[in-house]
Amino acid sequence: MAKDPTEPPSEAEIRAFAYRLLGRREYSVLELRRRLERKWPQLESDTAAGVLEALVAEDLLSDQRFAESFVRSALRKHQGPRKIRAELGARGLSDGLIASELDRFADQWTDLAREWLERQNPGSLDFEARGKFYRRLVNRGFTHDQAMDALAG
């Protein structure tokens, strides 16, 4: 007999769904809550909060681990700190956690921007091309100073 779709899910069903998601990649607590609410709109917030708290207590769900994983992935894509900060904030991470994770790479941002620029255009740049690549670097999340340093060097 099929389960009534309007009936709220059991805690075991919620946990099984969360395990499947967490088996693929790290999630922030807010992200996983949104996924649960999207799958079960009728889900009571107390039930979801209880499952999420249990997953955090079991160290299966961690904002810290999610932040580390997300930043590593963004670095491989040559994204700058401003874009990464915005994305992590949208996923519900605290400003302190975001700042501490980004500070670990504070000395690498200009080098990362320079590396991206060399991949895009290995030669010298004229004035018009410098403006174009400056805008592209800023759109990738690098600061003005990081973009200017990358273009200078």
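Here the structure is a predicted model, which is why all the values come from computation and not from measurement. (Residues numbered from 1 in each chain as written. Predicted model: local features only at pLDDT ≥ 70, side-chain atom pairs only at ≥ 80, totals over all residues. Heavy atoms only, no water.)

Colleague: Help me understand a positive patch on the surface, please; the structure alone is not making it clear to me.
Modeller: A cluster of basic residues, Arg-72, Arg-76, Lys-77 and Lys-83, forms a positive patch at the surface. Along the chain, Arg-76 turns up in helix H4 (residues 63-76). (Patch = residues over 30% accessible without salt bridge, like charges linked within 9 Å, V, L, I, M, F, W, Y side chains within 5 Å. Areas by Shrake-Rupley, 256 points an atom, 1.4 Å probe, with all protein chains shown as cover. Salt bridge = Lys/Arg side-chain N within 4 Å of Asp/Glu carboxyl O. Lys, Arg positive; Asp, Glu negative; His and termini not counted. Charge placed at Lys NZ, Arg CZ, Asp CG, Glu CD. Helix = DSSP H or I, 4+ residues; strand = E, 2+ residues; numbered from the N terminus.)

Colleague: Sorry, what's going on with the packing of aromatic side chains here?
Modeller: Each aromatic ring pair is specified by the distance between its two centres and by the angle formed by the two planes. This structure, assessed with the given rule, holds four aromatic pairs. When the ring of Phe-17 is compared with that of Trp-40, the centres are 5.4 Å apart and the planes differ by 75°; the resulting orientation is edge-to-face. Remark: Trp-40 occurs in the loop between helix H2 (29-39) and helix H3 (45-57) and Phe-17 occurs in helix H1 (residues 11-24); sequence separation between them is 23 residues. Here Phe-17 matches Trp-40 in class, with each residue buried. An angle of 70° between the planes, with centres 6.3 Å apart, marks the rings of Trp-116 and Phe-133 as edge-to-face. Taken as a pair, Trp-116 in helix H7 (residues 109-120) and Phe-133 in helix H8 (residues 127-139) lie far apart in primary sequence, 17 residues in all. Phe-133 carries the same exposure label as Trp-116, and that label is buried. Positioned above the aromatic ring of Tyr-27, the side-chain terminus of Arg-25 is 3.9 Å from the ring centre. The lysine or arginine in question, Lys-39, covers the ring of Trp-40, its NZ or CZ lying 5.4 Å from the ring centre. (Phe/Tyr/Trp six-rings, centres within 6.5 Å; stacked < 30°, edge-to-face > 60°. Buried < 20%, exposed > 50% of the residue type's maximum accessible area, 1.4 Å probe, protein only. Lys NZ or Arg CZ within 6 Å of the ring centre and 35° of its normal.)

Colleague: Any chance you could explain H3 here in plain terms?
Modeller: Taking 1.5 Å of rise per residue, 13 residues should cover 18 Å, and H3 covers 18 Å from first to last C-alpha, within 8% of that figure. Those residues of H3 that fall on the buried side of the exposure criterion are Ala-48, Ala-49, Val-51, Leu-52 and Leu-55. One side of H3 carries all its buried residues, which in axial view fall inside an arc of 165°. Among the exposed residues of H3, those oriented more than 90 degrees off its buried face are Asp-46, Glu-53 and Ala-57. (Expected span 1.5 Å × (residues − 1). Arc of directions from axis to C-beta.)

Colleague: Looking at this structure, how should I read the pattern of salt bridges?
Modeller: Applying the stated rule across the entire model yields nine salt bridges. One salt bridge connects Glu-87 with Arg-91, and the closest N-O pair in it is separated by 3.1 Å. With relative accessibility at 23%, the residue Arg-91 sits in the partly exposed group. A salt bridge links Arg-114 to Asp-111; the nearest nitrogen and oxygen atoms lie 3.1 Å apart. On the criterion of helical spacing, the pair formed by Arg-114 and Asp-111 is a turn pair, its members being three residues apart in helix H7.

Colleague: Whenever I open this one, the packing of H4 against helix H6 (residues 95-103) confuses me. Can you help?
Modeller: Packed helices, taken two at a time, are described by their axes: the angle between them and the distance between them. Taken N-terminus to C-terminus, the directions of H4 and H6 make an angle of 40°; their axes are 10 Å apart at the nearest point. Classified by the interaxial angle, the pair formed by H4 and H6 is oblique. Here H4 runs over H6; the crossing is right-handed. Here H4 contributes Asp-63, Gln-64, Ala-67, Glu-68 and Val-71 to the contact with H6, which in turn contributes Leu-97, Glu-101 and Leu-102. Counted by class, the contact of H4 with H6 contains four nonpolar, one polar and three charged residues. (Axes fitted to C-alpha atoms, helices over the stretch in contact; angles between N-to-C directions. Parallel < 35°, antiparallel > 145°, perpendicular 65-115°, else oblique. Left-handed = near helix turned anticlockwise from the far one by under 90°. Contact = heavy atoms within 4.5 Å. Nonpolar A, V, L, I, M, F, W, Y, C, P; charged D, E, K, R; others polar.)

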